[in-house]
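# Remarks on the overall topology
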Amino acid sequence: MAPAQTIRADLLRVFFLTLVSLFAIPAATLLFTEYALRSQDTTFLQSIERRIAADTRLSASDKAETTAFYRSHPLSKACDATAAEDKDFHDKVCSPYSMQWQFHWADRAAIWTIVLGAALLAAALVLGALAFANRGLRYASFVAGWRLMTVSSAVEVVLQGAMVVWLSFWLTAYFWHSYYIKLIAIAGIAAAAAVFYAVYTLFKTLPSGNEIEGELIAEADAPRLWERIRQLAGRVQTAPPDQIVAGIDTNFFVTEAPCEVRGQTLNGRTLFVSIPLLRVLDQTEADAVLAHELAHLGGGDTRSSAALGPKLLQFDQYTWKMRGAGLTIVAHYLLRLYRMIFAFALARDSREREYKADRVAAGLTAPSAIVQSLIKISAYASYRNDVEQKLFEQNRQHDGALGIAGFVAAGLPPYASSDAFIEAMKTADVPHPYDSHPPLLERMRNVGHHVPESAYGAIVATAPQASWADFIETAAAIEQRMWSEYEQRFVENHELSLAYRYEPATEEERAVVLRHFPPIGFALKNGNRIDISYSGLHPSAEGASPIPWDEVKGLTYKDSSFGDTLIVTHPDKRKLGGARTTKVKLGGLGKQKEHFKAAVGHYWQRHQIMRAQQQQQHHQQQEQEQPALQ
């Protein structure tokens, strides 16, 4: 599916889920209350008419007058009857907390919740449209939307949570004349937890960290680079950065947001430079990149990002927290829809800013310089990603230093002459941590300098005579430290990945799996226990057999005052039909319950990932063998 189609499909899906989350519960409540109120109107009127007809104390005119009164005053309108002559009728039928009173206010609450949902949906669309229409209004519209959406979504959680609890009692009480304490308790606990979580998260200060992996470049360690950046800033007519941070990421960027580097908080203007990329760019190409980033400072882009960025991050964190706490899901999709609409406006503005910054860089250096720098950066980022992906996909442990930097440096020129390189570059964009950059070909057209695909390889393979990295005295030491730390994290994450991938089939593989998935034991009553391992469940009760994960299709945890039970559904069927199940008694689990549930889910998930990985490898092997058979 094309990216545009994928985006449209995601937007439609989120829009549909927003409608469901906003209106499903209140609509269900409204349908139930309206049905019940209409039914009660009919039943009540029939009953009262029979009583009036049978009352011998009333004259024919009194009967007609009383009947007319009740026909014009249906039971469903009793709580709305506020006239003096209706007071007796109102007080008798609609006393506080009575059935009629509850249905009346539940009906009104459902209507107003639907109205609130419609208003919030309209507000999300209007505020999103403002962000599209006017860049100057973007910050104000998002802050207004942020406050409105977060507070109103918490109100939605409260209202819909109350409806769920109310329905859990009245649905069974009305239709079957009985109620279930356990059902009401479950609904009540779920609603209370959702309300607490929504309100707690609303007022909690969420982290807004902006950590940069790199090290500060003091002016004494790179005086010529600092001087060149000041010269370029003067020509862009903006103030130079307050600090330069160097690292090994595959991008350059500027920010005015507070950020942390090695535990030190930086304020003001920060320029990040990539030492590996500086080594592949000649000084003119690097100047073009630096001028591009300084143009963002001069155009006010970084001020806007500094103001908006932390709020976007906090909004995103709040949105996704609302997805993981049960009934708070009713708030998640509205917040997510608003964020998607706003993201479209930001992406469009980002492209315009990139075009403008490219034109500034081309004017200060040369159109060829900015284009060649884009080609080299895209190629380096693409190839480094390929190298790391292949290293990560390997099914063996990595020992010692990986030498990623050396692999990339040595392999980049041959890669630049490959067919895979040309394919990758056709849709390439330049990596950036904050903005959505336009594709490379569009950026070439923007500065009026086109380079044919056939020339990409020669540009990438041409080593610079001199680079700005040569004028940073601490560059080699910074690279060594940063690559060492990066590769250590890479190896650790790779080993964790292997722990999910290995069956295991050898002792070495078993050691890796056990490091991350050691056996976990849980004590039960009567001296019994149950152990969880990468191979399955191991109950110790008499007559119980181990249950390998391959024999598990589903798991259901049943709470009981007589002892909890884990019901294991197997993939095969019973002889007489229906799914085969095994009940594992868990009496005495007590406070270990949540830990047990998490462990069972975690270890079963590992097994499923491992089997899925094996199937994928098998399919890939078959596809590779197929041409040979033909």
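Relevant structure appears above.
Residues numbered from 1 in each chain as written. Predicted model: local features only at pLDDT ≥ 70, side-chain atom pairs only at ≥ 80, totals over all residues. Heavy atoms only, no water.

Broken down by element type, the chain carries 19 helices and 13 strands. Sorting the 630 residues of the chain into buried and exposed places 43% on the buried side. Across the chain, every contact between residues at least 6 apart in sequence was considered, and the portion connecting residues at least 24 apart equals 71%. (Helix = DSSP H or I, 4+ residues; strand = E, 2+ residues; numbered from the N terminus. Buried < 20%, exposed > 50% of the residue type's maximum accessible area, 1.4 Å probe, protein only. Contact = heavy atoms within 4.5 Å.)

Now for the pattern of salt bridges. For the structure shown, the criterion picks out 23 salt bridges. One salt bridge connects Arg230 with Glu219, and the closest N-O pair in it is separated by 2.9 Å. Here Arg230 is found in helix 7 (residues 223–236), whereas its partner Glu219 is found in the loop between strand 1 (215–216) and helix 7, with 11 residues between them in sequence. Each member of the salt-bridge network shares a partner with another, and the members are Glu215, Arg262, Arg481 and Glu485. (Salt bridge = Lys/Arg side-chain N within 4 Å of Asp/Glu carboxyl O.)

Judged by pairing direction, the sheet is antiparallel, and its 3 strands sit side by side in the order 11-12-13 without closing on themselves. The outermost strands of the open sheet, each flanked by one partner alone, are strand 11 (554–558) and strand 13 (579–585). Taking each pair of neighbouring strands and ignoring which way they run, the sheet shows an average axis angle of 25 degrees. Here strand 11 runs beside strand 12 (residues 565–573); their pairing, made up of 5 bridges, is antiparallel. Its bridge partner being in strand 12, Lys558 is matched across the sheet by Thr565. (Pairing = 2+ DSSP bridges. Axes fitted to C-alpha atoms, helices over the stretch in contact; angles between N-to-C directions.)

Attention now goes to the packing of aromatic side chains. A full pass over the atoms with the stated rule returns 15 aromatic pairs. Taken together, a centroid distance of 5.3 Å and an interplanar angle of 85 degrees make the contact between Phe522 and Phe596 edge-to-face. Note that Phe522 is positioned in strand 7 (residues 520–523) and Phe596 in helix 19 (residues 593–629), a separation of 74 residues in sequence. In terms of burial, Phe522 and Phe596 fall into one category: buried. With a centroid separation of 6.3 Å and 55 degrees between ring planes, the pair formed by Tyr557 and Phe596 is classed as tilted. Within this pair, whereas Tyr557 is found in strand 11, its partner Phe596 is found in helix 19, the two being separated by 39 residues in sequence. There is no split in this pair, since Tyr557 and Phe596 are both buried. Here the aromatic residues Phe32, Tyr35, Phe103, Trp166 and Phe175 are joined through ring pairs into a cluster of three or more. The aromatic ring of Tyr486 is capped on one face by Arg384, whose charged end is 5.1 Å from the ring centroid. Above the face of the Phe517 ring, Arg606 is positioned so that its terminal group lies 5.8 Å from the ring centre. (Phe/Tyr/Trp six-rings, centres within 6.5 Å; stacked < 30°, edge-to-face > 60°. Lys NZ or Arg CZ within 6 Å of the ring centre and 35° of its normal.)

This part covers the sheet that holds strand 7. Adjacent strands of a sheet pair through backbone hydrogen bonds, lying either parallel or antiparallel. With respect to topology, 4 strands assemble into an open sheet ordered 7-8-9-10, the strand pairing being antiparallel. Looking at strand neighbours, the two that pair on one side only are strand 7 and strand 10 (547–548), the edges of this open sheet.

If you want to describe how two helices pack, look at the angle between their axes and the distance between the axes. The contact between helix 17 (residues 475–501) and helix 18 (residues 507–516) brings their axes to 8 Å, and the two run at 105 degrees. Classified by the angle their axes make, helix 17 and helix 18 are roughly perpendicular. Across the interface between the two elements, Glu495, Leu496, Leu498 and Ala499 from helix 17 touch Val512, Val513, Arg515 and His516 from helix 18. For the contact of helix 17 with helix 18, the class distribution of residues is 5 nonpolar, 1 polar and 2 charged. (Parallel < 35°, antiparallel > 145°, perpendicular 65-115°, else oblique. Nonpolar A, V, L, I, M, F, W, Y, C, P; charged D, E, K, R; others polar.)

There is a patch of nonpolar side chains on the surface, built from Tyr35, Leu171, Phe175 and Trp176 and spanning about 440 Å² of accessible area. By secondary structure assignment, the location of Leu171 is in helix 5 (residues 138–176). (Patch = residues over 30% accessible without salt bridge, like charges linked within 9 Å, V, L, I, M, F, W, Y side chains within 5 Å. Areas by Shrake-Rupley, 256 points an atom, 1.4 Å probe, with all protein chains shown as cover.)

Position of Phe15 among the secondary structure elements: in helix 1 (residues 3–54). The sequence separation of Phe15 and Leu337 amounts to 322 residues, and the corresponding C-alpha distance is 6.4 Å. In this view, Phe15 contacts Leu121 and Leu337; residues no more than four positions away in its chain are not counted.

This next bit is on unusual backbone geometry. A cis geometry characterises the amide bond from Glu503 onward to Pro504, with omega recorded as 5 degrees. Within the secondary structure layout, Pro504 lies in the loop between helix 17 and helix 18. The phi dihedral of Arg262 falls on the positive side, at around 55 degrees, and the residue is not glycine. Examined against the element boundaries, Arg262 turns out to sit in the loop between strand 4 (259–261) and strand 5 (264–266). Phi is positive for Asn526, which is not a glycine, with a value near 60 degrees. With respect to the helices, strands and loops of the structure, Asn526 is situated in the loop between strand 7 and strand 8 (529–533). Overall, Asn526 belongs to the exposed group, its relative accessible area being 70%.

Turning our eyes to something else, we now look at the packing of helix 12 (residues 367–393) against helix 15 (residues 440–447). Contact geometry for helix 12 and helix 15: axes closest at 10 Å, N-to-C directions at 175 degrees. In terms of orientation, helix 12 and helix 15 fall into the roughly antiparallel class. In this structure, helix 12 contributes Pro367, Ile370, Val371, Leu374 and Ile375 to the contact, and helix 15 contributes Leu440, Arg443, Met444 and Val447. The residue inventory of the contact of helix 12 with helix 15, partitioned by class, reads 8 nonpolar, no polar and 1 charged.

Moving on, we come to the pairing of strand 9 (residues 536–539). Relative to strand 9, strand 8 is paired through 4 bridges, and the arrangement is antiparallel. Across the sheet, the residue bridging to Ile530 is Pro539, located in strand 9. From the end of strand 8 to the start of strand 9, which pair antiparallel, there are 2 residues. When strand 9 meets strand 10, the two strands line up antiparallel, connected through 2 bridges. Bridging across to strand 10, Leu537 finds its partner in Ile547.

It is worth spelling out the environment of Ala131 at this point. Relative to the helices and strands, Ala131 is located in helix 4 (residues 99–133). The spacing of Ala131 and Ile341 is 210 residues in sequence and 8.8 Å in space, taken between C-alpha atoms.

Turning to its location among the elements, Ile48 is positioned in helix 1. Between the C-alpha atom of Ile48 and that of Thr66, which follows or precedes it by 18 residues, the distance is 9.4 Å.

Honestly, that's just the spatial picture; any functional story needs more than this.
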